[in-house]
Amino acid sequence: MSGSRTATTPLFLLDLLALLLFAGAGLLSHGLPITLGGLARNVLPVLFVWLLLSPFLRTYRQPTWKNLLLTWAIAFPAGLWLRQMVLGGSFGVGFFVFLGVAMAFGLLFLLLFRGLAKLLKFW
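Computed from a prediction, not measured in an experiment: that's the story for all the values here.

Along its length, the protein chain carries four helices and zero strands. Put simply, the protein chain runs from its N terminus to its C terminus through helices and strands in the order α-α-α-α. On C-alpha atoms alone, the protein chain measures out to a radius of gyration of 15 Å, which is about the 14 Å that the 2.2 N^0.38 rule sets for 123 residues. Along the three orthogonal principal directions, the C-alpha set of the protein chain runs to about 45 × 25 × 25 Å. Going through the 123 residues of the protein chain one by one, you find that 37% of them count as buried. For the protein chain, the computed accessible surface area is about 7100 Å², with 76% contributed by carbon and sulfur atoms.

If you look at soluble globular proteins, the nonpolar side chains tend to sit buried side by side. With 31 residues, the main nonpolar core has Leu19, Trp50, Trp72, Phe76, Leu80 and Leu110 as its most contacted residues. Counting residues per element, the ones that place at least two in this core are helix H1 (3-29), helix H2 (36-57), helix H3 (65-87) and helix H4 (93-119). Looking at which element gives the most residues to this core, the answer is H4, with nine residues. Once residues within four sequence positions are removed from consideration, leucine 80 is found in contact with Val46, Ala75, Phe95, Phe98, Leu99 and Ala102.

In this section: H4. With 27 residues, H4 extends 39 Å between its outermost C-alpha atoms, agreeing within 8% with the 39 Å of an ideal straight helix rising 1.5 Å per residue. Among all positions of H4, only Phe95, Leu99, Ala102, Met103, Gly106, Leu107, Phe109, Leu110, Phe113, Arg114 and Ala117 are buried. Within two residues after H4, lysine 121 carries a phi angle of roughly 60°, on the positive side.

To continue, consider the pattern of salt bridges. All chains considered together, the criterion is met by one salt bridge. Put simply, arginine 114 and aspartate 15 hold a salt bridge, and the shortest N to O gap is 2.8 Å. Within this pair, whereas arginine 114 is found in helix H4, its partner aspartate 15 is found in helix H1, the two being separated by 99 residues in sequence. Looking at arginine 114, the relative accessible area reads 0%, which means it is buried.

The next point concerns the UniProt feature "transmembrane region" (unreviewed entry) in the protein chain. Here, the residues flagged by UniProt with the feature "transmembrane region" (unreviewed entry) are residues 39-57, 69-87 and 93-113. For residues 39-57, the end-to-end C-alpha separation is 25 Å, with 100% helix and 0% strand making up the annotated structure. Structurally, residues 93-113 is divided into 100% helix and 0% strand, and its ends, taken at the C-alpha atoms, are 30 Å apart.

On the secondary structure map, isoleucine 74 appears in helix H3. Residue isoleucine 74 is classed as partly exposed on the basis of its relative accessible area of 36%. Considered as a pair, isoleucine 74 and glycine 89 are 15 residues apart in the sequence and their alpha carbons are 20 Å apart. Residues within four places of isoleucine 74 in sequence aside, it is in contact with Leu53 and Leu57.

Taken together, the side chains of Val93, Val97, Val101, Phe105, Leu108 and Leu112 make up a nonpolar region of the molecular surface, amounting to roughly 590 Å² of accessible area. Inspection of the secondary structure puts valine 93 in helix H4. Given the relative accessible area of 68%, valine 93 is considered exposed.

Conventions used here
- Residues numbered from 1 in each chain as written.
- Predicted model: local features only at pLDDT ≥ 70, side-chain atom pairs only at ≥ 80, totals over all residues.
- Heavy atoms only, no water.
- Helix = DSSP H or I, 4+ residues; strand = E, 2+ residues; numbered from the N terminus.
- Rg over C-alpha atoms; globule rule 2.2 N^0.38 Å.
- Buried < 20%, exposed > 50% of the residue type's maximum accessible area, 1.4 Å probe, protein only.
- Areas by Shrake-Rupley, 256 points an atom, 1.4 Å probe, with all protein chains shown as cover.
- Core = buried A, V, L, I, M, F, W, Y, C linked by side-chain atoms within 4.5 Å.
- Contact = heavy atoms within 4.5 Å.
- Expected span 1.5 Å × (residues − 1).
- Salt bridge = Lys/Arg side-chain N within 4 Å of Asp/Glu carboxyl O.
- UniProt positions renumbered as here; feature names shortened; annotations may be inferred.
- Patch = residues over 30% accessible without salt bridge, like charges linked within 9 Å, V, L, I, M, F, W, Y side chains within 5 Å.

What follows is the structure, given as structure tokens:
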């Protein structure tokens, strides 16, 4: 494994943990149990888009707050749109309320874990 890849692995793992905890909190807030299927349903669409974008936005190759925010600003709405399409949901007002809440709380989790990365000198 190259040195730059090794240096970015903790950041990716912390971002993944943030996304998983965000999804778990979302399940619990809706009275649903945390299951592998529930986490997969809620995380995989966002993670898919996140992983597609991150090389182009240099999310891990040149980690900055700007690159993180840009990745979040594109991956979250696109991933949540993809999730809604896969689940066969509608795109009415309820979806856009969900999108706003999910983006806000997703950003909160990501910022908390990136702050932790700064404290631990991973970044």
